[in-house]
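Listed below, chain by chain, are the residues.
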Amino acid sequence: MTFLKNFINVLSVASISFVLLTAIFAFIIYFNLLDGKIRSKTGIAFVVFGAISAVAGIFIQPLLYFAVAYFLVLWGCAELGPRLWEPKIGLWILIASALGFGLSMLDPNFYKIAAKPDNVPIGAMIFLLGFFTWVALRKAYYNDRQIAAGGIPWEKTESDEKLFTWPDLVYTEMLCMIGLTVVMTVWSIGLRAPLEEAANPTTSPNPAKAPWYFLGLQEMLVYFDPWLAGVVLPTLIVVGLMAIPYIDTNPRGNGYYSFRERKWEIGLFLYGFLVLWSFLIITGTFLRGPNWSFYGPYEFWDTNKLEPLVNINLSELFWVKLLAMPLPKLWLIREAPGLLIVFAYLGLAPLLARGPFRRFYLKMGAPRYYVGAFLFLFMLSLPIKMILRWLFNLKYLVQIQEFFLNI
Amino acid sequence: MKPQEPIPHNYPMRKLNLIFALSSLALLLATGGLVFYDYVRGWKWFQLEFNRLQQERIDQELGAKYDEETKARLAELEKEDREGQLEVARNRNAYVTAQKDLEQWEGRHYAADQDYRFARALLDAKRYEVEAAIVQRRADRDAKQRDYDDQIEKVERLNLTLQQVTRDRDAARERVGVFLERMRAVEARRKEILTSIELLEKQRRQVQLASTNLILNAPMLDFINPTLKIEQVVLEDLSIDMNYMSVPRVDRCMTCHRAIDRPGFESKAEAERLLNAIQNDLARNLLQPSRRGDAEARVAQLQRIIDAPTQILNPFRTHPKLDTFVGSASPHPLLEYGCTVCHRGQDRATEFGRAGHTPASRRMEIRWEKTKLPIIPGPWDYSNRNYGRTINPFLDTPMYPRQHYEAGCVKCHAGQVDVREGDRISEAMQMVELYGCPACHKIDNWRFTDLKKNGPSLDGIAEKTTPEWAFRWIASPQSFRSTTRMPAFFYQRNMVGPTVPSAERAQNVRLQDAEIHSIVTFLFTNSSRRQWQGGGAGDPARGKELVDTIGCMGCHIAQDMVPGEDGEARFARRDDFPLERHFGFNLTGTGTKTTPEWLFNWLKNPKGYDAHAPMPSLRLSDREAADITSYLMTLRKSAFMSAPVRDPDPGAVRGLAKGYLINTMTDTQAESRLDEMSMHDQLMYLGGRTIEKYGCYSCHDIKGFEELKPIGTELTIQGSKNIHLFDFGFAHDHEAWDGKKEHILHTVPSWIYNKVRSPRVYDDKRTKPYNDKLKMPNFQLSPREAEMITSVILGLTKERVTQNRRAAGDARMRQVEEGRKLMAQNNCRGCHVVDQRGRAIGALISDPNFLPPDLTPQGARAQSPWMFDFLKDPTVMKIRPWMQVRMPTFEFTDDEAAVLVAGFAAEGHQPQFDTMRHQMPPARNVAIGREVYAMLRCQQCHSTVPADPANPPIPDISDTQSLAPNLTFSKPRLRHDWIADWLRRPDEMIPGTRMPTNFPRDPETGGFQSPLAMAIDTPQFAGFKAALLPHFENEEALRRTMADAIALTNYLRDYVWSVGLDRTPAPGTMPQRAVPPSAPAPVPLQTSMPPPSPTRTAATPGSGTVPGVR
């Protein structure tokens, strides 16, 4: 039991769980939505990646745990294939995860955090998210099969029928209303409003947490300077969401679930929403404790736990570690490598337009393509920065204290 | 038109209807649950339960009231009533006629009364019309005026009629009344008996669970006028600081603690204490006659509580100190002070956990947490005092646990040295001062600032002791003197304790050895080395006698073994003696510690060795000093000196010194610097740094460390610190220094308690570098001491109360408190009673005639000029020349003496100076007073023969019963009015005084009685009567005066005033500071008293003359 708890504690460390989740995301698309095979180029690439981490795991224990979990998931996804979308399997997954959650509640440390009245809705959110994603993907998968077989999507088969407003619409709405009222009432009786101490400017709570829907942003603060994580990225998220209908002009897949017809659109959205947003909220809620240190789900939130502050900037990495010389005095020279990388990264957009993204460029036209590619690059900057932090303890690519500019 | 095809429903209707039915039912249940959850509150059960208790009480009282006697009386009245009825029946016809007549008159009276009142109402209306008509200059104003005048007439007429009818009706009533007279009398008597019973029954109806109460408290109806409701007190000016704003305090504690301000629900122990107190008051006639009845009723009530089979448990208990708190007549009435201002906790909460109750012990915590159903407590738990989850971790101000209730006093009473009725917290504050907490920990309030250093100066340590002794002492002070206030810094649990790995332990011992050696080397190298000249051989037996009798024991102890609880002797603890006697050190072992030469000079003149020495001079003669020296030198502890002193480990010294050096230089520089230093130099360097590290200079004067700040955490608002600021480390259960098991609760009080009790406990199981380990020394506090100190620290909060709520805030009380603070610092309570507490020395003096005086009434008693002189030099007047205990010469500065004198005067509500000392009473008063003096036989004890105040003749002390001050000293010393007051009530002013109470109080009226009222006419007093008569108009006036205690005491006062001396000697010059010459020249010898000054000689001529008597 202790081993299992320790196993899960290690897996849930942000770096590992993030990569694992990204991998699972890719597996599900490849094996379960696109009917991929292990004996294929992509399948072998997955295995090779896992093998590399297993070898590295000989030296770094967490990576070993990662490799074990990785192969378990890989095996599961490949084995299940499209059967993942069968209700029976879906139910088993639900039962297994609920059981895991329920058994975990027996652990006092897990219980203390999960049963906090603040956190209960986030716990429920995990299941709701999983369920609705599964339902949507299941519908998409079967529709895709229908379409591939020359049929029409399921939604189209019933869209011609007419129904009465009463009782078919209003009655069911009312039932939902009653049900929701009952749930809210029972909830409000069962879990009391989690009131804490009077606000005090001299003693802020530890950890000081944002409201749950902003925990993703707060988690970004770990990797980005506040002006990026708190200003630029949230603005781009809002602007980007508003821009989607103008960028995405693909007429297919309207009014019915389909994955194959909108692979990139759905893939990107789900990755951004599930992995880059919801996952960060869940991490921020359950796994960030006092001092914003990371705590595994079965770990006690000990205030005394310390995280060593050993992050360094790219300039230090480049000049001091690589070239073994002091930092140049002039900021422009000092930060030249970082600035170069940043500009090069942004310069990827036109480069990609000529390379792998050429078909998008042709289909969308220059303005749409550049706006979309720009947003895409910004979105990807989050996982890239996270991985750079985990691999190299990288603090900032560019740090110009002279202008308070950190990237 | 084609008929429309039936469109199929998406869902089967039957299924939808079923879902609708079920979900509606669920909604109904949820709503019911909502109402239930809102309605069922814990506090309602407590109120119901208390109602039940009250009902029981009322039933008991009703039972007591309805005794056999009352029943018999009621039966008798019943019988009489029946007889009355029979009598009426016998005269039936006449009675009926009269009754009918009365009815008619009643009717007429009703009509006439109504007519009159209506006419009056009309009159008022018409007055308005007239006034309005006049103001508006209307044409009909004259008509209105006439109308109004008519109405006046009509009202008068009707009034006359009414009066007439009333008279007639009353006459008719009387005619009927004749028949009913007897029955009415019976009714009146019955009512007399039943009033209190009916009152009780009314109260019973309010608390019983009957139908009306059930309806009033029913769910959804209970908003109208429920009997179960939240009670609260709103306190505007005792606001709560919510960081951004102040909000009024709204205490709702009495919602559950219903009996808190109602006497009659005490615990048994409490009832017994109160019962004894009241019975004592009753026996001593201290209660006013009007309050005796109440007191007796209370005694009966308390007796019932004691006799009851079950205890009353909280929350239903009465506040144990209603006279001081909560009671409406107390200084802190409930409606003005509430509860949380003292107890803390969440004022508005009505749930056990949310209110912030704090357990006093682990046992209590376990009991509180228990529930039958997990988490959800209910009445089935409350009756066992189980409350489910108890701690509210988010509350900034949890309640003080039971043992620290008095911490709540500090917030308002921090400007006081003594808190009235707060003996424990006063003693605790004194303890904090005496043990030196504020020396290392800054406490920024009046009580704990401007204090003297707690330890002796170390600038001359080499003159009084040896390095070998000093090493052993620093290493373990408590093994030399088990009662010492010097704490142990070294070889504590975080250095050599069981949780330290053994390899580290050995290294730590070496490092600690090195540190002690360095301190000793530093102190002895820097010490002055004056040569002291001894006083020759003395007689130890006589020395011991002197130590025991002249007053050393007010501040010192000379004992280190005491009989233990099991009969075996054990080492003494500080707790075994009053706090005052720890002011000086324990005299045991003095012979081992010091040299006779130094001791002799120290005894003669402590300020000669150290100008800031707290020890005063007892004006010892050389002989006395030599005797005492020889006695103290016999108090030896040779075993202590045989403990081995390990040589300093050079590696450890070097390592530690390097540790400090590399803070400012590189490793190589430090190494080369150390290579240049000899071992002695290294020790000297390390010694300085070590003294800094441990803060030795906080308590001791050490040259070169004058400017350094104290090393401890500031404690000014320690009691307000949130729990997360306390590092609990990994400590839970542990064993304190005395082997007792302690448990650390996760509460601030428990943290502080364990911190002071085992200061290094939070290092248990931790891995820290040597210099980062906790440094607080071990005072070896007993659980009691630790609790008291914890109470004070908990009381130091950031809450600030408004000026008008602060105790002792006015100018007069500030003077009193300044005086008290100085008295505390000079340990006056070691010998004197001050404000009813103190006189630690009293336990060692069996004859109360030899006790140092009680200073409780001193402010009203003594004149300021005299007191100033006396404080400066106590030899100016020997009031009680037979006393062996000496008032020491403290060498107060003028400022200090003035503060003390002003404090006394303010305390006695007296002006500092008054004119009376220059005035003489009328000759008639003196003459009468002289006779009264003789009649009361005052001369049996008192003398009126003038004497030299500085050297009065010592009376025969074989008969200690008759020892009394010479009255000729009264005039320069005592306040004029006080003398008469004292004569009237000596025992009330100073309980247990030998001065007889000549004018006892009358238990009925509370006034004073005169013993001469009767005696004046007896033959024995015939001579006095004859002598007195010429001063009075007639014999009646004489008798009247002789019965008047006030007049008699005033005459006595005037007589005493008339025989008084006019002046007293001026205070002597300050004794010379004996600084020994560097050459071994003899120390200037001092006589037991300073040489007489010229002033003094002039003021007091030979004893044969009668100065001051006119």
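Residues numbered from 1 in each chain as written. Chains lettered and ligands numbered in written order. Predicted model: local features only at pLDDT ≥ 70, side-chain atom pairs only at ≥ 80, totals over all residues.

1. A few points about the overall build of chain A
Here comes step 1: Helices and strands together make up the secondary structure of chain A, namely 18 helices and two strands.
Here comes step 2: Over its C-alpha atoms chain A spans a radius of gyration of 24 Å, differing by no more than 12% from the 22 Å that the globule rule assigns to 407 residues.
Here comes step 3: Along the longest, intermediate and shortest principal axes, the C-alpha atoms of chain A span 75 × 60 × 45 Å.
Here comes step 4: When burial is assessed residue by residue, chain A has 21% of its 407 residues classed as buried.
Here comes step 5: Across chain A, the fraction of contacts at a sequence separation of at least 24, relative to all contacts at a separation of at least 6, is 65%. (Helix = DSSP H or I, 4+ residues; strand = E, 2+ residues; numbered from the N terminus. Rg over C-alpha atoms; globule rule 2.2 N^0.38 Å. Buried ≥ 20, exposed ≤ 12 C-beta atoms within 10 Å, placed from the backbone. Contact = placed C-beta atoms within 7 Å.)

2. Observations regarding the overall build of chain B
Here comes step 1: Each helix and strand in chain B was counted, giving 44 helices and ten strands.
Here comes step 2: Over its C-alpha atoms chain B spans a radius of gyration of 41 Å, topping by over 25% the 32 Å that the globule rule assigns to 1110 residues.
Here comes step 3: Counting across all 1110 residues of chain B, residues that qualify as buried make up 35%.
Here comes step 4: Taking the intrachain contacts of chain B between residues at least 6 apart in sequence as the baseline, contacts between residues at least 24 apart amount to 74%.

3. Details of the environment of Asp81(B)
All names here are of chain B.
Here comes step 1: Inspection of the secondary structure puts Asp-81 in helix 3 (residues 68-90).
Here comes step 2: Accessibility expressed as a C-beta count within 10 Å gives 16 for Asp-81, which makes it partly exposed.
Here comes step 3: C-alpha separation for the pair Asp-81 and Ala-947, spaced 866 residues apart in sequence, amounts to 82 Å.
Here comes step 4: Contacts of Asp-81, omitting those with residues within four sequence positions, involve Met-183 and Val-186.

4. Examining the interface of chain B and chain A
Here comes step 1: On the side of chain A, 23 residues touch chain B, which itself brings 24 residues to the contact.
Here comes step 2: Residues that form the side of chain B that touches chain A fall into these classes: 15 nonpolar, eight polar and one charged. (Nonpolar A, V, L, I, M, F, W, Y, C, P; charged D, E, K, R; others polar.)

5. Re the environment of Pro121(A)
Residue and element names in this part refer to chain A.
Here comes step 1: As for its position among the elements, Pro-121 is in helix 7 (residues 120-148).
Here comes step 2: The class for Pro-121 is partly exposed, based on 13 C-beta atoms found within 10 Å.
Here comes step 3: In this structure the C-alpha to C-alpha distance between Pro-121 and Trp-212, which are 91 residues apart in sequence, comes to 9.4 Å.

6. Focus on unusual backbone geometry
Here comes step 1: Of note, the amide linkage connecting Asn206(A) to Pro207(A) takes the cis form, showing an omega dihedral of 0 degrees.
Here comes step 2: With omega at 10 degrees, the peptide bond leading from Asn314(B) into Pro315(B) counts as cis.
Here comes step 3: Mapped onto the secondary structure, Pro315(B) falls in the loop between helix 8 (289-307) and strand 3 (325-326).
Here comes step 4: Here Asn393(A), not a glycine, exhibits a phi torsion of approximately 55 degrees, which is positive.

7. Thoughts on helix 18 (residues 366-392) of chain A
Residues and elements named next belong to chain A.
Here comes step 1: Taking 1.5 Å per residue as the helical rise, helix 18 with its 27 residues ought to reach 39 Å, and the 36 Å between its terminal C-alpha atoms agrees with that figure.
Here comes step 2: Of all the bends in helix 18, the greatest, near 30 degrees, is centred on Ser-381, and the proline Pro-383 appears no more than four residues after it.
Here comes step 3: Among all positions in helix 18, only Tyr-369, Gly-372, Ala-373, Leu-375, Phe-376, Ser-381, Leu-382, Lys-385 and Met-386 are buried.
Here comes step 4: In this structure, the buried side of helix 18 is in contact with helix 2 (14-33), helix 10 (215-220), helix 11 (226-247), helix 12 (263-287), helix 16 (348-354) and helix 17 (358-364).
Here comes step 5: The positive-phi residue at the C-terminal boundary of helix 18 is Asn-393, with phi of around 55 degrees. (Expected span 1.5 Å × (residues − 1). Bend = angle between axes of the 7 residues up to and from the residue.)

8. Here we look at the confidence of the model for chain B
As a note on interpretation, predicted positions should not be read in detail where pLDDT is low.
Here comes step 1: For chain B, mean pLDDT is 87; residues scoring 70 or higher make up 95% of the total.
Here comes step 2: Taken together, the stretch residues 1070-1110 of chain B has pLDDT below 50 and engages in 66 contacts with residues farther than four places along the chain or on a different chain. (pLDDT = per-residue confidence, 0-100.)

9. A few points about the packing of helix 7 (residues 268-283) of chain B against helix 8 of chain B
Each pair of packed helices can be summarised by the angle the axes make with each other and by the distance between the axes.
Residue and element names in this part refer to chain B.
Here comes step 1: Across the interface, helix 7 lies against helix 8 with an axial gap of 9 Å and an inter-helix angle of 150 degrees. Overall, the two elements helix 7 and helix 8 adopt an arrangement that is roughly antiparallel. Between helix 7 and helix 8 lies a crossing of left-handed hand. Of helix 8, the residues touching helix 7 (which contributes Lys-268, Ala-271, Glu-272, Leu-274, Leu-275, Ile-278, Gln-279 and Leu-282) are Ala-295, Arg-298, Val-299, Leu-302, Gln-303, Ile-305 and Ile-306.
Here comes step 2: The residue inventory of the contact of helix 7 with helix 8, partitioned by class, reads ten nonpolar, two polar and three charged. (Axes fitted to C-alpha atoms, helices over the stretch in contact; angles between N-to-C directions. Parallel < 35°, antiparallel > 145°, perpendicular 65-115°, else oblique. Left-handed = near helix turned anticlockwise from the far one by under 90°.)

10. Notes on the environment of Ile407(A)
Residues and elements named next belong to chain A.
Here comes step 1: Here Ile-407 shows up in the segment after strand 2 (405-406).
Here comes step 2: The class for Ile-407 is buried, based on 20 C-beta atoms found within 10 Å.
Here comes step 3: Taking the C-alpha atoms as reference points, Ile-407 and Ala-148, separated by 259 residues in sequence, lie 46 Å from one another.

11. A few points about helix 27 (residues 650-661) of chain B
Residue and element names in this part refer to chain B.
Here comes step 1: With twelve residues, helix 27 extends 16 Å from end C-alpha to end C-alpha; this agrees with the ideal 16 Å at 1.5 Å per step.
Here comes step 2: Along helix 27, the residues that are buried comprise Ala-652, Val-653, Arg-654, Leu-656, Ala-657 and Leu-661.
Here comes step 3: Among the structural elements, helix 20 (502-526), helix 28 (667-676) and helix 29 (679-694) are those in contact with the buried residues of helix 27.

12. Some points on the pairing of strand 1 (residues 233-241) of chain B
Residues and elements named next belong to chain B.
Here comes step 1: As paired elements, strand 1 and strand 2 (residues 246-251) share five bridges and run antiparallel to each other. Its bridge partner being in strand 2, Asp-241 is matched across the sheet by Ser-246.
Here comes step 2: Linking two consecutive strands that pair antiparallel, namely strand 1 and strand 2, is a turn of four residues; a positive phi of about 75 degrees is found at Asn-243 within it. (Pairing = 2+ DSSP bridges.)

13. Some words on the packing of helix 30 (residues 748-757) of chain B against helix 31 (residues 783-795) of chain B
Residue and element names in this part refer to chain B.
Here comes step 1: Contact geometry for helix 30 and helix 31: axes closest at 9 Å, N-to-C directions at 130 degrees. When the axes of helix 30 and helix 31 are compared, the pair comes out oblique. Judged by the sense of rotation from one axis to the other, the crossing of helix 30 with helix 31 is right-handed. Here Pro-749, Ile-752, Tyr-753, Val-756 and Arg-757 of helix 30 lie close against helix 31, whose contacting residues are Ala-786, Glu-787, Ile-789, Thr-790, Ile-793 and Leu-794.
Here comes step 2: Here the residues of the contact of helix 30 with helix 31 are counted per class, giving eight nonpolar, one polar and two charged.

14. Some points on the nonpolar core
All names here are of chain B.
Here comes step 1: Of all hydrophobic cores here, the largest spans 49 residues; its most connected members are Met-867, Leu-871, Val-901, Leu-1052 and Val-1056.
Here comes step 2: At the level of secondary structure, the elements contributing two or more residues to this core comprise helix 32 (811-825), strand 9 (833-834), helix 34 (864-872), helix 35 (894-907), helix 36 (923-935), helix 38 (976-984) and helix 43 (1045-1059).
Here comes step 3: With eight residues, the single largest contributor to this core is helix 43.
Here comes step 4: Those residues within four positions of Leu-1052 in sequence are excluded, and the remaining contacts are Gly-929, Val-932, Tyr-933 and Leu-983.
Here comes step 5: Judged by nonpolar contacts, the second largest core, of 42 residues, contains Val-410, Tyr-435, Ala-731 and Ile-789. (Core = buried A, V, L, I, M, F, W, Y, C linked by C-beta atoms within 7 Å.)

15. What about the confidence of the model for chain A?
Here comes step 1: Put simply, chain A has an average pLDDT of 89, and 99% of its residues get 70 or more.
Here comes step 2: Looking over chain A, one finds the lowest element-wise mean pLDDT in helix 8 (residues 154-158) of chain A, namely 79, and the highest in helix 5 (residues 87-104) of chain A, namely 94.

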